[in-house]
Amino acid sequence: MTTINPKKLVTSLAGAALLSAGAMQVSADEHPIKLGAMYILSGSAATYGQFAQRGVDLAIDEINSSGGVLGRDLELVIEDSQGKAAVAIQAARKLVYEDQVDVLMGLDSSGVAQGLVPTIPELRKPLIITHAATPDVTGKLCNAFTFRISTNVAQNMKAAAQIAAETGANRWTTIGPDYAFGHQSWEFFGNALKEIKPDVELMEATAFPRFGAEDFTPFINGVMDSDAEGVLISLWGGDLVNFVRQATNLGFFEEDRELMFTVGAATEVLTALGDRMPEGVWLSTRYWYDGYNNDINTRFVNAYIDAYGNPPSYNAEGAYAAVYAYKNAIEATGSTDGPALAKTLEGMSFEAPNGTVTFRAGDHQAMVSPNWGRSGPMHPEHGIRTLEDLRIFDAQKVSRTIAETGCNL
Amino acid sequence: MSGFGSALLNSLDIGLLLFVIAVGLNIVFGVLNVINFAHGALYMLGAYLAFTLMNLLGLSFIVALIVAPMAVAVIAVLIDRLVLRYIYERDIADSLLLTFALLLIINESVRMIWGSGIHTVQPPEMLRGSVELFGDARYPVYSLFVIVVGLVLVAALWFIFNRTRAGKIMRAAALDRDMAEALCINTKLVVTGVFAFGAWLAALGGVVAAPMRALDPGMGDKIIIESFIVVVIGGLGSFPGALAGAMVLGLIHGLGGRYLPEINLLLPFVGMALVLLFKPNGLMGKGANV
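Conventions used here
- Residues numbered from 1 in each chain as written.
- Chains lettered and ligands numbered in written order.
- Predicted model: local features only at pLDDT ≥ 70, side-chain atom pairs only at ≥ 80, totals over all residues.
- Heavy atoms only, no water.
- Helix = DSSP H or I, 4+ residues; strand = E, 2+ residues; numbered from the N terminus.
- Rg over C-alpha atoms; globule rule 2.2 N^0.38 Å.
- Buried < 20%, exposed > 50% of the residue type's maximum accessible area, 1.4 Å probe, protein only.
- Contact = heavy atoms within 4.5 Å.
- Areas by Shrake-Rupley, 256 points an atom, 1.4 Å probe, with all protein chains shown as cover.
- Lys, Arg positive; Asp, Glu negative; His and termini not counted.
- Charge placed at Lys NZ, Arg CZ, Asp CG, Glu CD.
- Pairing = 2+ DSSP bridges.
- Axes fitted to C-alpha atoms, helices over the stretch in contact; angles between N-to-C directions.
- Expected span 1.5 Å × (residues − 1).
- 1 Å grid on protein atoms, 1.4 Å probe; cavity = no way out; pocket = protein on both sides within 12 Å on 5 of 7 lines; lining within 4 Å.
- Points joined across faces, edges and corners; volume = space filled by probe spheres on them.
- Nonpolar A, V, L, I, M, F, W, Y, C, P; charged D, E, K, R; others polar.
- pLDDT = per-residue confidence, 0-100.
- Salt bridge = Lys/Arg side-chain N within 4 Å of Asp/Glu carboxyl O.
- Patch = residues over 30% accessible without salt bridge, like charges linked within 9 Å, V, L, I, M, F, W, Y side chains within 5 Å.
- Disulfide = S-S within 2.5 Å.
- Core = buried A, V, L, I, M, F, W, Y, C linked by side-chain atoms within 4.5 Å.
- Parallel < 35°, antiparallel > 145°, perpendicular 65-115°, else oblique.
- Left-handed = near helix turned anticlockwise from the far one by under 90°.
- Arc of directions from axis to C-beta.
- Polar contact = N/O pair within 3.5 Å; in protein donor to acceptor, adjacent residues only side chain to side chain.

> What's the story with the overall build of chain A in this structure? I'm lost.
Each helix and strand in chain A was counted, giving 15 helices and 14 strands. Taken against the 2.2 N^0.38 rule, which gives 22 Å for 409 residues, the C-alpha radius of gyration of chain A at 21 Å falls within 12% of a compact globule. The principal-axis extent of the C-alpha atoms belonging to chain A is close to 70 × 45 × 35 Å. Expressed as a percentage of the 409 residues in chain A, the buried residues total 62%. When contacts within chain A are restricted to residue pairs at least 6 apart in sequence, long-range pairs at least 24 apart make up 70% of them. For chain A, the computed accessible surface area is about 14,400 Å², with 50% contributed by carbon and sulfur atoms. The averaged location of the 49 negative side-chain charges in chain A is 3 Å from the averaged location of its 30 positive side-chain charges.

This is the structure in structure tokens:
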């Protein structure tokens, strides 16, 4: 499924013409460095894969037009994971054995990550996870070849618990998708909140609708009939869009509860909802495009909006940053040898749109932090809600210690 | 009590929408002997056409409700004439394969035309918000509208099948196509007409669903699984079967989601397994089918 991006073609042609004219060191037949990516490209969550692919394309364009990596161009080979572990495992093998990619990246779902990560060491290529958030893959399932550049559930929930503890709500429940992500979000949130505020009540009655359930009315009614004071909502994608619209219809947002959406500030969802995302609820994202004041972020956000007409989502940023992580690692290593690259990535720091990112040596989790804010007025140009009272947490403070992760590298 | 009342209404709302979609699948199977895997894709097409008509062309919901299902019915006639007619006489597995291919083609076409993003359609002004029912419990107006549409269709379909000549011809063609042909019924026309009618029902379900469900390229896949569960529970090939199956699944979702949220994932399959154990042809299924 290699896509031919006409723009990429033009830039590489232009680059090639420039280089040969200047008689630079690059020989024309030097083969490119191949990045193998796995994202959800079909079905309900296809929009996440599309944002990621755009992030990758943007990074590759920038890098190739400024001379590539070790004088070689980068090339993307992308596969559809379909959000299924079995499909992703096959895709990873195809990428490594047939397409001969040098490095792997991607993964949109915790379920996929849990299935794929244990098979990565046999492929002997590094994998940078850019979206899937289950703590396990940089915890009890960690291995020498797997890294994660995006925030995990443990980091996000520790931050969420700090906000929750500052609110007046003492009785909490959850609505989340019925798989690893929903259950682990609630588990880590509960544990972190209990630690800060021991007298808080975590309700027995929780709701985990099927992923893709379409009708969330029964679950919303359940919460509205309960005496919950705060609700942690870890639904995402189309589920979250459905939930918000159905909850609006039922008057859920007019009731007085603290609402925290653990992936509510995904621009994929904010774009779909527009002003129907209620104001004043807590929304989180792994990266908020308006939250970082540095040159790399300004350049990235502007280039992304220029190219695609909307602001980048956290998934686009994660994918973009992963390409730069590989660029830095390959240059530092001086080769694309899989095991050597994995060694370099361990403990490596580099500059990304969300600041300096370090892959912690003990568990390969990037020291990044979630962004939490309250939904504010509509952005005049971008057609989505803005985030107010934006909180960017200290990655060191919200991350588990290596001992807590259960990772033993 | 008010909670129970709204849970029951919610079950009815979910069940009737499922009925509108699954009954088309069932009628098509009854007459064409084709299990249409692409039925969910036609539902999705209805929803996306409604999105185009309403959000991009600025037309009203009523226009979408009339135009989108008709457009999908026309597409269905083309599908029938161009591909489906070649496999009527073949084994049922062939129709599964062919319609699965159609599903993939429609899914990818939708993604190419409308993009991967999630789209939404707003309900018309008068169907927004909620009303007070059962004392203090509130119920969304739009869900009441879905219930009304569903009940009207139940009545209309019952009338068509039992009281009109077209309905009798459809039932005759379903029972014995050769005999019907011997009696000078143009079965080719009937078959194409029934397939288009099934697609019309799917697309109507899509338009009705659009204002409360997110439009994304996977929405057809989600509904086809539900529709198959309806058909397994109710019985393949019968109109009362689709109604019974849809109501049971509606109750499973509505009451199960409300009172047994921990096991909501399991319940539809438990229901399906129980039916298969005790009534292998479904609640209303006839022994002869499948």
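> What am I meant to see in the sheet that holds strand 7 (residues 201-202) of chain A here?
Either a parallel or an antiparallel arrangement is found when strands of a sheet pair, and the pairing is made through backbone hydrogen bonds. Residue and element names in this part refer to chain A. Here we have seven strands laid out as an open sheet, ordered 7-6-8-9-10-13-14, and mixed in their pairing. With partners counted over all chains shown, the strands left at the sheet margins are strand 7 and strand 14 (385-392), one partner each. Two strands pair when backbone bridges link them, and strand 13 (residues 371-378) and strand 14 are joined in this way by five bridges, in the antiparallel orientation. Within strand 14, the position partnered with Arg374 by the bridge is Glu388. Lying over the sheet, helix 6 (residues 153-166) contacts strand 6 (171-175), strand 8 (230-233), strand 9 (258-261), strand 10 (282-285), strand 13 and strand 14, oriented at roughly 65 degrees with respect to strand 13. Against the sheet, helix 9 (residues 237-250) contacts strand 6, strand 8 and strand 9, and its axis sits at roughly 160 degrees relative to strand 9.

> Quick question: what am I supposed to make of helix 5 (residues 141-163) of chain B here?
In an α-helix, one turn spans 3.6 residues; hence positions three or four apart end up facing the same way. For helix 5 of chain B, which comprises 23 residues, the first-to-last C-alpha distance of 32 Å matches the rise-based estimate of 33 Å (1.5 Å per residue) to within 8%. The complete set of buried residues in helix 5 of chain B reads B:Val141, B:Tyr142, B:Ser143, B:Phe145, B:Val146, B:Ile147, B:Val149, B:Gly150, B:Leu153, B:Val154, B:Leu157 and B:Phe161.

> Help me understand the layout of surface pockets, please; the structure alone is not making it clear to me.
In this approach the atoms are scanned with a rolling probe the size of a water molecule, which exposes any empty space left behind. There is about 980 Å³ of room inside the largest pocket. Looking at the largest pocket, it is lined by 33 residues, and the ones nearest its centre are A:Gly43, A:Ser44, A:Gln82, A:Lys84 and B:Asp221. Contributions of two or more residues to the lining of the largest pocket are made by helix 9 of chain A together with helix 4 (92-114), helix 9 (219-234) and helix 11 (267-278) of chain B. The residue makeup of the lining of the largest pocket, split by class, is 13 nonpolar, eleven polar and nine charged.

> Would you mind showing me how to read the sheet that holds strand 3 (residues 103-106) of chain A here?
All names here are of chain A. With parallel pairing, five strands are arranged side by side in an open sheet as 2-1-3-4-5. The open sheet is flanked by strand 2 (74-80) and strand 5 (146-148), the only strands paired with a single partner. Sheet twist, expressed as the mean angle between neighbouring strand axes with direction ignored, is 25 degrees. Looking at chain direction, strand 4 (residues 127-129) and strand 5 are connected through three bridges and run parallel. For Ile129, the partnering residue across the bridge sits in strand 5 and is Arg148.

> When you look at empty space enclosed by the protein in this model, what are you seeing that I'm missing?
In the structure shown here, the tally under the stated rule is six cavities of 30 Å³ or more. Counted as a void, the largest cavity has a volume near 220 Å³. When residues of the lining of the largest cavity are traced back to their parent elements, those giving at least two are helix 8 (217-225) of chain A together with helix 1 (2-32), helix 9 and helix 10 (239-259) of chain B. Here the residues of the lining of the largest cavity are counted per class, giving seven nonpolar, four polar and six charged. Its volume calculated, the second largest cavity comes out at about 110 Å³. Ranked by the residues each element gives to the lining of the second largest cavity, the list is headed by helix 9 of chain A, at four residues.

> Quick question: what am I supposed to make of the confidence of the model for chain B here?
Close reading of the predicted structure is inappropriate where its pLDDT is low. Per-residue confidence for chain B averages 89 on the pLDDT scale, and 97% of its residues sit at or above 70. Across the whole predicted complex the pTM is 0.87, and at the interface the ipTM reaches 0.86.

> Would you mind going over the pattern of salt bridges with me for this structure?
Pairing is possible between side chains that carry opposite charge, provided their charged atoms lie close to one another. Taken as a whole and judged by the stated rule, the model has 24 salt bridges over all chains. As a salt-bridge pair, A:Glu214 and B:Arg213 come within 3.8 Å of each other at their nearest N and O atoms. One end of the pair, A:Glu214, is in the loop between strand 7 and helix 8; the other, B:Arg213, is in the loop between helix 8 (187-209) and helix 9, on a second chain. Of the two residues, A:Glu214 and B:Arg213, neither departs from the other in class, the shared state being buried. What you see here is one network of salt bridges that share partners, running through A:Glu214, A:Asp215, B:Arg213, B:Asp216 and B:Lys222.

> Explanation requested: the side chain of A:Ser185 in the structure shown.
Residues and elements named next belong to chain A. Looking at the element boundaries, Ser185 is found in helix 7 (residues 180-196). Classification of Ser185 as buried rests on a relative accessible area of 1%. Excluding its chain neighbours within four sequence positions, the residues that come into contact with Ser185 are Val153, Met157, Leu232 and Ser234.

> So what exactly am I meant to see when it comes to a nonpolar patch on the surface here?
Residue and element names in this part refer to chain B. The grouping of Phe4, Leu8, Leu251, Tyr259, Leu260, Ile263, Leu266, Val270, Leu274, Leu277 and Phe278 at the surface amounts to a nonpolar patch, some 1,000 Å² of accessible area in total. Sorting the residues of the nonpolar patch by element identifies helix 1, helix 10 and helix 11 as the ones contributing at least two each. Element by element, the count of residues in the nonpolar patch is highest for helix 11, at four residues. Owing to a relative accessible area of 36%, Val270 belongs among the partly exposed residues under this scheme.

> Would you mind going over the state of the cysteines with me for this structure?
Cysteine pairs can be linked by a disulfide, which is a covalent bond between their two sulfur atoms. Residues and elements named next belong to chain A. Counted according to the given criterion, the structure contains one disulfide over all chains. Disulfide pairing places Cys142 opposite Cys407 at an S-S distance of 2.0 Å. In this structure the cystine formed by Cys142 and Cys407 twists about its S-S bond by roughly 90 degrees; its chirality is therefore right-handed. Of the two residues, Cys142 sits in the loop between strand 4 and strand 5 while Cys407 sits in the segment after helix 15 (402-405), which places them 265 residues apart along the sequence. For the pair formed by Cys142 and Cys407, the shared burial category is buried.

> Can you help me understand the nonpolar core in this one?
As a rule of thumb, nonpolar side chains are buried together in soluble globular proteins. A:Phe243 and A:Phe359 are the most contacted members of the largest nonpolar core, which has 138 residues in total. Excluding its chain neighbours within four sequence positions, the residues that come into contact with A:Phe243 are A:Ile175, A:Phe216, A:Ile220, A:Ile233, A:Leu235, A:Phe252 and A:Phe261. With 90 residues, the next largest nonpolar core counts B:Val20, B:Val23, B:Val31 and B:Val72 among its residues.

> Which parts of the structure should I look at to understand the packing of helix 11 (residues 295-308) of chain A against helix 12 (residues 314-333) of chain A?
Packed helix pairs are characterised by how far apart their axes lie and by the angle those axes make with each other. Residue and element names in this part refer to chain A. Put simply, helix 11 and helix 12 touch, their axes get as near as 12 Å, and they point 120 degrees apart. As far as their axial angle goes, helix 12 and helix 11 are oblique. Crossing hand, helix 11 versus helix 12: right-handed. Only Ala316, Glu317, Tyr320 and Tyr324 of helix 12 make contact with helix 11, whose side of the interface consists of Arg299, Phe300 and Tyr304.

> Just checking my understanding: could you explain helix 13 (residues 338-345) of chain A for this structure?
All names here are of chain A. Among all positions of helix 13, only Gly338, Leu341, Ala342 and Leu345 are buried. End-on, the buried residues of helix 13 take up no more than an arc of 100 degrees, which puts them together on one face. For helix 13, the elements touching its buried residues are strand 3, strand 4, strand 5 and helix 12. With a side-chain oxygen lying 3.2 Å from the backbone nitrogen of Ala340, the N-terminal cap of helix 13 falls on Asp337. Once helix 13 finishes, Gly347 follows within two positions and takes phi at roughly 80 degrees, a positive value.

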